[in-house]
Structure formats: structure tokens, C-alpha cells
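Results of the structural survey
Listed here are the chains, written in short residue letters.
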Amino acid sequence: MNNISRFNVKVTFFDVIRFFFTSKKDYENFKFKIYRLINSRSLTFFSQGRVGLYKILNLLKKKYPSKKTVIITPYTLTEVINCLNYSDLKIIYVDIDIKTGLPEYKKLKNILNKKKNLALIITHLFTKNKDFQKILKLCRRKQIKIISDNAINFGLKKSDIFFGKESDFSFYSLNYQKNLSSILGGIVHCKNKKD
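These figures come from a predicted structure and were not determined experimentally.

Conventions we followed
- Residues numbered from 1 in each chain as written.
- Predicted model: local features only at pLDDT ≥ 70, side-chain atom pairs only at ≥ 80, totals over all residues.
- Heavy atoms only, no water.
- Helix = DSSP H or I, 4+ residues; strand = E, 2+ residues; numbered from the N terminus.
- Buried < 20%, exposed > 50% of the residue type's maximum accessible area, 1.4 Å probe, protein only.
- Contact = heavy atoms within 4.5 Å.
- Phe/Tyr/Trp six-rings, centres within 6.5 Å; stacked < 30°, edge-to-face > 60°.
- Lys NZ or Arg CZ within 6 Å of the ring centre and 35° of its normal.
- Salt bridge = Lys/Arg side-chain N within 4 Å of Asp/Glu carboxyl O.
- Patch = residues over 30% accessible without salt bridge, like charges linked within 9 Å, V, L, I, M, F, W, Y side chains within 5 Å.
- Areas by Shrake-Rupley, 256 points an atom, 1.4 Å probe, with all protein chains shown as cover.
- Lys, Arg positive; Asp, Glu negative; His and termini not counted.
- Charge placed at Lys NZ, Arg CZ, Asp CG, Glu CD.
- pLDDT = per-residue confidence, 0-100.
- Expected span 1.5 Å × (residues − 1).

**With respect to the environment of Lys165**
Structurally, Lys165 is set in the loop between β8 (161-162) and β9 (169-173). For Lys165, a relative accessible area of 19% translates into the label buried. Spatially, the C-alpha atoms of Lys165 and Ser40 are 9.0 Å apart, while their sequence positions differ by 125 residues. Contact partners of Lys165, with chain neighbours within four places excluded, come to Ile38, Asn39, Ser40, Ser170, His189 and Lys191.

Right, here's the structure in full:
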């Protein structure tokens, strides 16, 4: 998998369950384990990953009020599209590249040249780091924020860096079928601590 490996989860299922039914001290211990696992304190916990996305979108709308469009591939959940709709943002779809699992680079480049876009949401599932880096560089040049939808791959790493930490924002789901589950729950990582 292009030197990408899954980590060995050091947070047990019982740690997660205790998080809901015990004291503030246990909650802080759980948060600390997650901070240490991801090697970041720029994390915020939410009731669901999609709630975190909604908060990210509204933060970006306030910071950049003249930008109203978000680019995404159609390969995503309805809930993600609903977050965009509820945030009153225009959606621009770009085709997915079957080989990389990312937006088609040439089509993405054309869209970025024509519009003033707020962000690009990338749903990571089969992402390879070299392909992601190419899109990351393009978006940095065009001053487009990258939001990584890491909802289903908590723990994916490349060279000891968690996937999505290079993005401006990442959100994770802790739903019942995810790698790290708390039945419900979500985490947002912000590259910029001010955010």
C-alpha cells in the first residue's frame, strides 16, 4: 500500500465505552490517548464526524465570505452533501480518478482556474500519498483549503505522519463500523491551531 500502514490501536473498546459513562478525569485520559496517538493537540471532539465537517465549513465561510463553492467528488455519503447544503455553499462535482481514488487532476485544475473556490473535500479510501501530494501542491498554489474526509480510515499513516494532518482540516468518524468506534462520535484536526 505504498508504504502506508495501519497502526496498532492502543485505545481499547473499553476505554471508549468508559469515556461515555465515567468521570471528567476518564474523559481527559481518553483525549490524552488520542492526542498521543495522532501526535497532535489540534483536535476537537464532536458528536459525529459530519458535525465536525459542518463546523469546519461554517468557520471557513466566516473567514472567506466571498468564496461560496466547494469541490467534491460524487463518491461520498449523502450526509457530507447535506452538510454542504446546510452551510449554504455551492457544490461543484469533479470526476473521480479510478486509479488514485482522488479527483481527476486535469479536471480539478480546470475548475480551480475558473472559479473562486473555498475548499476541496477529499474522501480518502484508496489514496496514495504521491497522488495526494500533487493535489495538495495545486490547492496551495490556488489558495484553496483542503478538507480530508478520513471518516473511515482513522489511523492511516505514511512515514509516521497521520494521513490528513497535511490538509488544512481533517475529520474522522468514530461511528460503530469505523476503525476506532465509540458508537457515535467524531474528531476534527486543524493544521492551523488558531482555527
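**Comments concerning the packing of aromatic side chains**
Counted according to the given criterion, the structure contains 0 aromatic pairs. Sitting over the face of the ring of Tyr64, Lys67 holds its NZ or CZ atom 5.7 Å from the ring centroid. Lying across the ring of Tyr105, Lys134 places its NZ or CZ 4.3 Å from the centre.

**Brief notes about the pattern of salt bridges**
Side-chain pairs of opposite charge can arise whenever the charged atoms involved come near each other. This model, assessed by the stated rule, comprises 4 salt bridges. Here Arg50 makes a salt bridge to Glu79, at a shortest N to O gap of 3.9 Å. Of this pair, Arg50 sits in helix α3 (residues 49-63) while Glu79 sits in helix α4 (residues 78-86); the two residues are 29 residues apart in sequence, bridging distant segments of the chain. A residue is classified by how much of its surface remains accessible, and Arg50, at 30% relative accessible area, is partly exposed.

**Points about a positive patch on the surface**
There is a patch of like positive charges on the surface, built from Lys106, Lys109, Lys130, Lys134, Lys137, Arg141 and Lys142. Mapped onto the elements of the fold, Lys142 is located in the loop between α6 (129-141) and β6 (145-149).

**Considerations on the side chain of Ser42**
Relative to the assigned elements, Ser42 resides in the loop between α2 (24-38) and β2 (43-46). Once residues within four sequence positions are removed from consideration, Ser42 is found in contact with Val188, His189, Cys190 and Lys193.

**Observations concerning unusual backbone geometry**
The phi torsion at Asp88 lies on the positive side, around 60 degrees, for a residue other than glycine. Relative to the assigned elements, Asp88 resides in the loop between α4 and β4 (90-93). Of note, Gln143 is a non-glycine position whose phi angle comes to about 55 degrees, a positive value. Mapped onto the elements, Gln143 comes out in the loop between α6 and β6. Gln143 sits in the exposed class, given a relative accessible area of 60%.

**Considerations on the confidence of the model for the protein**
Low-confidence regions, as indicated by low pLDDT, have predicted coordinates that should not be scrutinised in detail. On average, residues of the protein carry a pLDDT of 78, and 73% of them reach 70 or more. Across residues 1-8, confidence stays below pLDDT 50; counting only partners more than four residues off in sequence or on other chains, it has 26 contacts.

**Some words on α2**
Between its terminal C-alpha atoms α2 stretches 21 Å, which fits the 21 Å expected from 15 residues at 1.5 Å a residue. Every buried residue of α2 is accounted for by Asp26, Phe30, Lys31, Ile34, Tyr35, Leu37 and Ile38. Following α2 by one or two positions, Asn39 has its phi on the positive side, about 65 degrees.

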